[in-house]
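Residues per chain are reported as follows:
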Amino acid sequence: MEQIVYIPVETLRQFMLDVFTGVGVPEADARICADVLIASDLRGVDSHGVGRLKYYYDRIKRGQHRVITEFEVVQESETTALVDGHHGMGHVIAYRCMQMAIDKARRYGTGAVAVRNSTHFGIAGYYPLMAVEAGMVGLTVTNARPSIAPTFGTEPMLGTNPIAFAAPSDMPFPFCLDMATSIIQRGKIEIAERAEKPLREGWVIGEQGEPLTEPGEILARLGQDRAALLPLGGAGEEFAGYKGYGLAVMVEIFSAAFSGGAYMKDLLGLDSNGAPRPFMLGHFFLAIDVAHFLPLATFKRIVGGIMRDLQNARKVPGQSRIYVAGEKEYESTLERQKTGIPLNKNLRAELRFVRDELHIQGYEAYF
């Protein structure tokens, strides 16, 4: 049986803060980075929480993320802004951009911010939830290094290109849809590798369209352009794989065309000689202030009504519940605040490696 250890939430948050400051991220920025990661763990999105800490650590060491974030507003209007992140910490860039969008929306009803030259910003859902806290609707998209093949193709061309949307409700939690445009994303393949478990067929293909299921092999072949993730809907058109493919392209347009930034193969994080370079990601943030349309309480009641009606719909025999987006994450947060964050032995070994390299003291009892 896999050995799982539960780490208290605040202990893990402090450790991540110590790691980020240990590699040179200013403390205020490091707190944002750690908060984004722990939010992911709390919500049960283990692919983007502390499991990604060494991922950022390695990228910082390779010079692909700059620890000092130079945030440049290139162009701005009352309702829009274009930002260049200069390859700084993506979490910090994204946090500041969504806050800009919220501030603009509060005054003018909507705020939209496009970003170029950023880096991986963690869980996409974190940022529209910032808008919800301000009584607004939020939308966030980002492109990523190529991993999805277009329909009828086998070459990884598009990133997992997530879409995250959140709206306030009168339920105990907001509606929050946070999804990749692929069936599975790289982070979940990494989780499967740590757990030493194969994937299902139909999620990842090789150069000839053959199914791939071994996580370690998949991760290696993704880095060699010899494997590709399938878009939502899967291979071909029978189950509408073209819809996931189309959504991934839509995200690419929002993330690159509005910002004048890099796209697809230019996001590989490698120069022409194969040496590491920054990933040059693009993001797009939108905030809409509900109060510019109707009273917030009315909006929340309608959204809550939609959610409740869905929960109470007729169920498949044997199923006791219908969930709405954000519900499982809300319940996970309540549970993990009490139990802590589960870490398996391979993830603990990764954290131990980083701890020892940075000579961080005080966590020997945990990993």
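Residues numbered from 1 in each chain as written. Predicted model: local features only at pLDDT ≥ 70, side-chain atom pairs only at ≥ 80, totals over all residues. Heavy atoms only, no water.

Chemist: Tell me about the overall build of the protein chain, and name the residues and values.
Modeler: Helix and strand counts for the protein chain stand at 11 helices and 11 strands. The C-alpha atoms of the protein chain give a radius of gyration of 20 Å, which matches the 21 Å a tight globule of 367 residues would have. Over its C-alpha atoms, taken along the principal directions, the protein chain stretches across nearly 50 × 50 × 45 Å. Taking all 367 residues of the protein chain together, the buried fraction comes to 51%. Of the contacts formed within the protein chain by residues at least 6 apart in sequence, a portion of 69% connects residues at least 24 apart. (Helix = DSSP H or I, 4+ residues; strand = E, 2+ residues; numbered from the N terminus. Rg over C-alpha atoms; globule rule 2.2 N^0.38 Å. Buried < 20%, exposed > 50% of the residue type's maximum accessible area, 1.4 Å probe, protein only. Contact = heavy atoms within 4.5 Å.)

Chemist: Quick rundown of the pattern of salt bridges? Include the residues and the values.
Modeler: Across all of its chains, the model carries 21 salt bridges by this definition. For Glu76, the salt bridge is made with Lys104, and the minimal N-O distance between the two is 2.8 Å. Within this pair, whereas Glu76 is found in strand E2 (residues 72-76), its partner Lys104 is found in helix H4 (residues 90-108), the two being separated by 28 residues in sequence. Its salt-bridge partner being Asp356, residue Arg355 comes within 2.9 Å of it at the nearest N-O pair. Through salt bridges with shared partners, a single network forms among Glu207, Glu210, Glu217, Arg221 and Arg226. (Salt bridge = Lys/Arg side-chain N within 4 Å of Asp/Glu carboxyl O.)

Chemist: Give a description of a nonpolar patch on the surface that names residues and reports values.
Modeler: A cluster of nonpolar side chains, contributed by Ile302, Ile306 and Leu310, occupies part of the molecular surface with about 270 Å² of accessible area. With relative accessibility at 42%, the residue Ile302 sits in the partly exposed group. (Patch = residues over 30% accessible without salt bridge, like charges linked within 9 Å, V, L, I, M, F, W, Y side chains within 5 Å. Areas by Shrake-Rupley, 256 points an atom, 1.4 Å probe, with all protein chains shown as cover.)

Chemist: Would you mind going over the nonpolar core in detail, with residue names and values included?
Modeler: Judged by nonpolar contacts, the single largest core of 60 residues is most densely connected at Leu12, Phe20, Leu53, Tyr127, Leu343 and Leu351. Setting aside its immediate chain neighbours within four residues, Tyr127 contacts Val36, His91, Ala94, Tyr95, Met98, Phe121, Thr140 and Phe285. (Core = buried A, V, L, I, M, F, W, Y, C linked by side-chain atoms within 4.5 Å.)

Chemist: Describe in detail the packing of aromatic side chains, supporting the description with residues and values.
Modeler: One pass over the structure, following the stated rule, counts 14 aromatic pairs. With a centroid separation of 5.2 Å and 80° between ring planes, the pair formed by Tyr55 and Tyr56 is classed as edge-to-face. For Tyr55, a relative accessible area of 14% translates into the label buried. Note on Tyr56: relative accessible area 0%, which makes it buried. Between Phe121 and Tyr127, the aromatic rings sit 4.9 Å apart at their centres with planes inclined by 45°, giving tilted as the arrangement. Under the relative-accessibility criterion, Phe121 is labelled buried at 3%. (Phe/Tyr/Trp six-rings, centres within 6.5 Å; stacked < 30°, edge-to-face > 60°.)

Chemist: Describe the side chain of Ser255, with residues and values.
Modeler: Relative to the assigned elements, Ser255 resides in helix H8 (residues 241-257). Judged by relative accessible area, which is 0%, Ser255 ranks as buried.

Chemist: Describe in detail the pairing of strand E10 (residues 281-289), supporting the description with residues and values.
Modeler: Burial of E10 is extensive: seven of the nine residues sit out of reach of the surface. One ladder, built from seven bridges, connects strand E4 (residues 110-118) with E10; its direction is antiparallel. Bridging across to E10, Gly111 finds its partner in Ala287. Bridge count for strand E5 (residues 136-142) against E10 is seven bridges, and the pairing is antiparallel. Within the sheet, the bridge partner assigned to Gly138 lies in E10 and is Ala287. (Pairing = 2+ DSSP bridges.)

Chemist: Any details on the layout of surface pockets? Residues and values, ideally.
Modeler: In this model, the second largest pocket occupies a volume close to 690 Å³. Residue lining of the second largest pocket: 27 residues in total, with Arg59, Arg62, Arg145, Arg186 and Leu219 positioned closest to the centre. Of all the secondary structure elements, the ones that give two or more residues to the lining of the second largest pocket are helix H3 (53-61), helix H6 (186-195) and helix H7 (215-222). Of the residues contributing to the lining of the second largest pocket, the split by class is nine nonpolar, four polar and 14 charged. (1 Å grid on protein atoms, 1.4 Å probe; cavity = no way out; pocket = protein on both sides within 12 Å on 5 of 7 lines; lining within 4 Å. Points joined across faces, edges and corners; volume = space filled by probe spheres on them. Nonpolar A, V, L, I, M, F, W, Y, C, P; charged D, E, K, R; others polar.)

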